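Coordinate inspection notes
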Amino acid sequence: MFLFFLPQSADMSAASNLRSEDQFLCSICLDVFTDPVSTPCGHNFCKTCISQHWDMNQSCQCPMCKETFSTRPQLRVNTFISEMVAQFRQQQAAKPGEVPCDVCTGTRLKALKSCLVCQTSYCQTHLEPHLTVKRLKRHQLIDAVENLEGWMCTKHDKPLELFCKTDQTCVCMLCSVLDHKNHEFVPLREEYEGKKAELEKTEAEIQQMIQKRRLKIQEITESVKMSKDAADRQKAEGVQVFTALMESVERRLKELMKEIEDKQETTEKQAEGLIKDLEQEISELMERSSEVEQLSRSEDHLHLLQSFSNLKAAPPTKDWTEVRVHPPSYEGTVGRAVAQLEETVWKPMKKKLFEAELQRVQQYEVDVTLDPDTANPYLILSDDGKQVYCGDVEKNLPDNPERFSLCPCVLGEQSFSSGRFYFEVQVKGKTKWTLGVATESINRKGQITASPQDGFWTVWLRNGNEYKALDDPSVDLCLHPGPEKVGVFVDYEEGLVSFYDVGAAALIYSFTGCSFTHKLHPYFGPCINDGGKNSAPLIICPVNQTESIND
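Residues numbered from 1 in each chain as written. Predicted model: local features only at pLDDT ≥ 70, side-chain atom pairs only at ≥ 80, totals over all residues. Heavy atoms only, no water.

**Concerning the nonpolar core**
Grouped together as the largest cluster of nonpolar side chains are 37 residues, with contacts concentrated most on Trp-433 and Phe-524. Those residues in contact with Phe-524, other than ones at most four positions away along the chain, are Val-368, Leu-370, Cys-409, Val-410, Leu-411, Gly-412, Phe-423, Val-425, Thr-434, Leu-435, Leu-538 and Ile-540. Of all hydrophobic cores here, the second largest spans 22 residues; its members include Ile-50, Phe-88, Cys-101 and Cys-104. (Core = buried A, V, L, I, M, F, W, Y, C linked by side-chain atoms within 4.5 Å. Buried < 20%, exposed > 50% of the residue type's maximum accessible area, 1.4 Å probe, protein only. Contact = heavy atoms within 4.5 Å.)

What follows is the structure, encoded as structure tokens:
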């Protein structure tokens, strides 16, 4: 059995090239002209071909138009056609990497097909017999290849015409009879078409994968751009805030310096007045001292007695014993300035900053519902899965692996393994609660230790006013008044879990540098009823971004 490998595209290609090649073909040898000559009737032939044709016939007749010449024409090479043929041969010559025709002499043209039977590669011209001669049309043609020996069976020296599906190898007809008995065979072309279809499918899949990756590159590039834009906005906001803060600090520092300097100036003026008075009295006393000294030296009894009476009647000097210059008190001056700065500048600015931060994280709101399959049997969940509180009666529920057996808590149905998410929970009216996120792999049976090492990132309230972040170690939180609604924000890749007092637009606590390796679930612990003191439910609320501003 022979297979005919000539795709339709090759026939179409051949037909498109015939018109350009015909004008360079000798009608006798059907090959490209060699030393083309022209007869008197205007037809062209190879010099050797027309000479041999006339040698074999008694008359000199044109093979094309049958015109007979009385004398044998003297043939000269047509230089114009010869040059055109040379150019044509140059254009059609096989280039490096292309298979040359095995039949061409001189310039070897590019081969279009190889015949496995003839073990020869043919250009368009020399392929013609295989397309027209009945006997040759049965030969097996393939696209031109250099290694024709590789298409022959090394054992039987026959063309490889079949594909053994059992052994997944190419075989000849004798192989199928002698060496591959009872194996499954298909024609080589059929297997080729099948494998080609698989390759086309694979190529399409690869192209699709490439396209997906290009889209991913585009997505990542866009994410980087968005990140840069966000970074630029944050830097601009930071510059604006800290510039305003520095201006406020500088202004308050000037005020503080002036206050201190004014106090010092007052003190100095007071001291100057006292010193002036003292110097005046010293001057007066020195005058009296001089008078006393002169009088004490007098030998005139009458004069001394009369002058002594006048000296004694002089006005008494001021008593300076208790007179003091008290330096102004600077105790607490700087502290009061800082406190005033914090109260008038930093607190309002910090509130605005946290309001803006809260609004940013609120954009990552997700719809969270409670998972009844994880709820402790004492917990009572609302039908919409948005509220939970602890009852007094244990329900008869299956103790599936997901359920918390002892601790009164429940997980959210939704899980997150990438990106950012945010949800809000109303805690108003409760004296105890625990909120946060937990990994899917946490222990749910018996007593539970809520810490990051155990897969929990939570904040709790106990005894009505004792707040704590269950970090390692745990951190006491000073929250007065306590929050009525708590926002929980998670950035999975950043390793960040933050808690917010929604009403006050204030940050409660942040777990940073977390390493998440499992899915995260929202975690809710309403705690025990405590005789009705803690009967209020935890309520998952929709985000209202204007709430904290209005408050």
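**Quick notes on the sheet that holds strand β9 (residues 169-171)**
A sheet is described by the order of its strands in space; here three strands give the open sequence β9-β8-β10, paired in antiparallel fashion. The sheet terminates laterally at β9 and β10 (185-187), the two strands that pair on one side only. For this sheet, the mean angle separating the axes of adjacent strands, direction not counted, is 35°. Examined bridge by bridge, strand β8 (residues 162-164) and β9 share three bridges and lie antiparallel to one another. Paired with Leu-162 across the two strands is Val-171, which belongs to β9. (Pairing = 2+ DSSP bridges. Helix = DSSP H or I, 4+ residues; strand = E, 2+ residues; numbered from the N terminus. Axes fitted to C-alpha atoms, helices over the stretch in contact; angles between N-to-C directions.)

**So, the pairing of strand β15 (residues 433-439)**
Of all seven residues in β15, seven are buried, a share of seventy percent or more. Residues Trp-433, Leu-435, Val-437 and Thr-439 point to one face of β15 and Thr-434, Gly-436 and Ala-438 to the other, with burial holding for every one of them. In this sheet, strand β16 (residues 456-462) lies alongside β15 in antiparallel orientation, the contact comprising six bridges. Residue pairing for β16: Trp-433 is matched across the bridge by Leu-461. Across six bridges, β15 lies against strand β22 (residues 520-525) in antiparallel orientation. Looking at the pairing, Val-437 lines up with Pro-522 of β22.

**Here's the deal with the confidence of the model for the protein**
Averaged over every residue, the pLDDT of the protein is 86; residues scoring 70 or more account for 93%. Under a pLDDT of 50 for its full length, residues 1-19 has, in the predicted model, 32 contacts with residues more than four places off or in other chains. (pLDDT = per-residue confidence, 0-100.)

**Some points on the side chain of Thr-458**
With respect to the helices and strands, the residue Thr-458 is situated in strand β16. Not counting the four nearest positions on each side in its chain, Thr-458 is found in contact with Thr-434, Leu-435, Gly-436, Val-437, Ala-450, Ala-469, Leu-470, Phe-499, Phe-511 and Tyr-523.

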